[in-house]
Amino acid sequence: MQRIKIMSDSACDISAYLEKEFSIDIMCFPIIIDGKDYIERETLTNEQFYEALSTSIEAPVTSQITSFRFLDEYKKIYNEGYKEIINITISSSGSNTYNSAVLARNTFFEENPEAKSFFKIHVVDSLSYTAGYGYVVVEAAKKARKGCSSEEIISYLKDWFSCVEIYFAPYSLEQVKRSGRVSCAAAFMGELLGLRPLIQMVDGKSHVLEKIRGNKNIIPRIAATATKNMIPQTPYIIIKGNVDEHAIELEKEMIKKVGYPAEMTIQIGAAVANNAGAEVAGITIKANKNK
């Protein structure tokens, strides 16, 4: 058995296949829809969540993963015989989940002081969302399986997180308006004029890079922005919502520009969809910070 267990949370949006294939431990977010409790991935699929966005009376609410749940999971992994855990979390700027993971680590060693000499728990703040850390969660698990040390894996993660950027755009402003990210008046005017925000996520923060006129221009603008800013010959990851064609079109556009396909395609879960809606297109790159 490998020494290191890779953990993350469901906002990393990796597929159930990859989770199982690389023995990744995924902690799932609680979601409340019209007063009813769900657990992302376990009792609520992405498709069901997408439907709830348009049918629920109130906007769905996601909650942080508590320190108690992390503590129970750390204990389980410890009892399974692992020597180290690397827990890669959603950005601390958007969720208290990272703090919960750190608190649980401290509590674990308070309760198990004898473990300090031979068991380690590393908590890594991704400062990102969805594919921004989902991709490297899988890569970290591959490295752990190959026998890489925790120092090597964490160095790889920190290098990625120092450069990772996400660009995406919603095809509708309805959920953006409903989530309160923009005012009703601004969303109304955006819809009226056919404007779509091209949003950049970097270092745990998001802002609008530009306003794209018309849905037909979303894919070309995302591809042009990614190509301009990415480090040449580095992996890129396609982000999709409920329309597969957007992902296919974006990858084709990127292949024309950079000459190679995406490393993977990741479907957004509740963390992004709850703010941007189900129909989005996006990309994750390793950005050239010296550009």
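Numbers given for residues are sequential positions, taken from 1 along each chain in its written order. Confidence filtering applies because this is a predicted model: local features only for residues at pLDDT of at least 70, side-chain atom pairs given and counted only at 80 or more, and all residues used for totals across whole chains, interfaces and linings. The side-chain quantities take in all heavy atoms of the structure and omit both hydrogens and water.

### Some words on the environment of alanine 270
At step 1: Only DSSP runs of H or I covering at least 4 residues are called helices, and only runs of E covering at least 2 are called strands; the numbering of each starts at the N terminus. Following the sequence through the fold, alanine 270 ends up in helix α11 (residues 270–276).
At step 2: Classification of alanine 270 as buried rests on a relative accessible area of 2%.
At step 3: For the pair formed by alanine 270 and asparagine 112, sequence separation is 158 residues and the distance between their alpha carbons is 35 Å.
At step 4: Residues contacting alanine 270, with those up to four places away along its chain left out, are Ile31, Glu40, Phe49 and Thr62. Working definition: with a 1.4 Å probe on protein chains only, accessible area under 20% of the residue-type maximum means buried, over 50% means exposed, and in between means partly exposed. In this analysis, two residues are considered to be in contact whenever any of their non-hydrogen atoms come within 4.5 Å of each other.

### So, the packing of aromatic side chains
At step 1: Only the six-membered ring of Trp is used, alongside the rings of Phe and Tyr, when aromatic pairs are assigned; centres must lie within 6.5 Å, and planes under 30 degrees apart are stacked while those over 60 apart are edge-to-face, with the rest tilted. Within the structure shown, the criterion is met by nine aromatic pairs.
At step 2: With a centroid separation of 5.1 Å and 90° between ring planes, the pair formed by phenylalanine 108 and phenylalanine 109 is classed as edge-to-face. The exposure classification of phenylalanine 108 matches that of phenylalanine 109, with both residues buried.
At step 3: Taking 5.2 Å as the distance between ring centres and 50° as the angle between the ring planes, the aromatic pair formed by tyrosine 135 and tryptophan 160 counts as tilted. Note that tyrosine 135 is positioned in helix α5 (residues 131–146) and tryptophan 160 in helix α6 (residues 150–161), a separation of 25 residues in sequence. Comparing tyrosine 135 with tryptophan 160, the two get one shared label, buried.
At step 4: Counting as a charge over the ring demands two things of the Lys NZ or Arg CZ atom: a distance within 6 Å of the ring centre and an angle within 35 degrees of the ring normal. Geometry around tyrosine 156 places lysine 143 over its ring, the cationic atom sitting 4.7 Å from the centre.

### Description of the nonpolar core
In summary, soluble globular proteins display a tendency toward joint burial of nonpolar side chains.
At step 1: What makes a nonpolar core is a set of buried Ala, Val, Leu, Ile, Met, Phe, Trp, Tyr and Cys residues whose side-chain atoms join them at distances within 4.5 Å. Ranked by internal contacts, the top residues of the largest apolar core, which has 73 residues, are Tyr74 and Ile88.
At step 2: Broken down by element, the residue count for this core peaks at nine residues, all from α5.
At step 3: In terms of nonpolar packing, the next biggest core, distinct from the first, is built from 23 residues, Tyr236, Met254, Ala281 and Ala287 among them.

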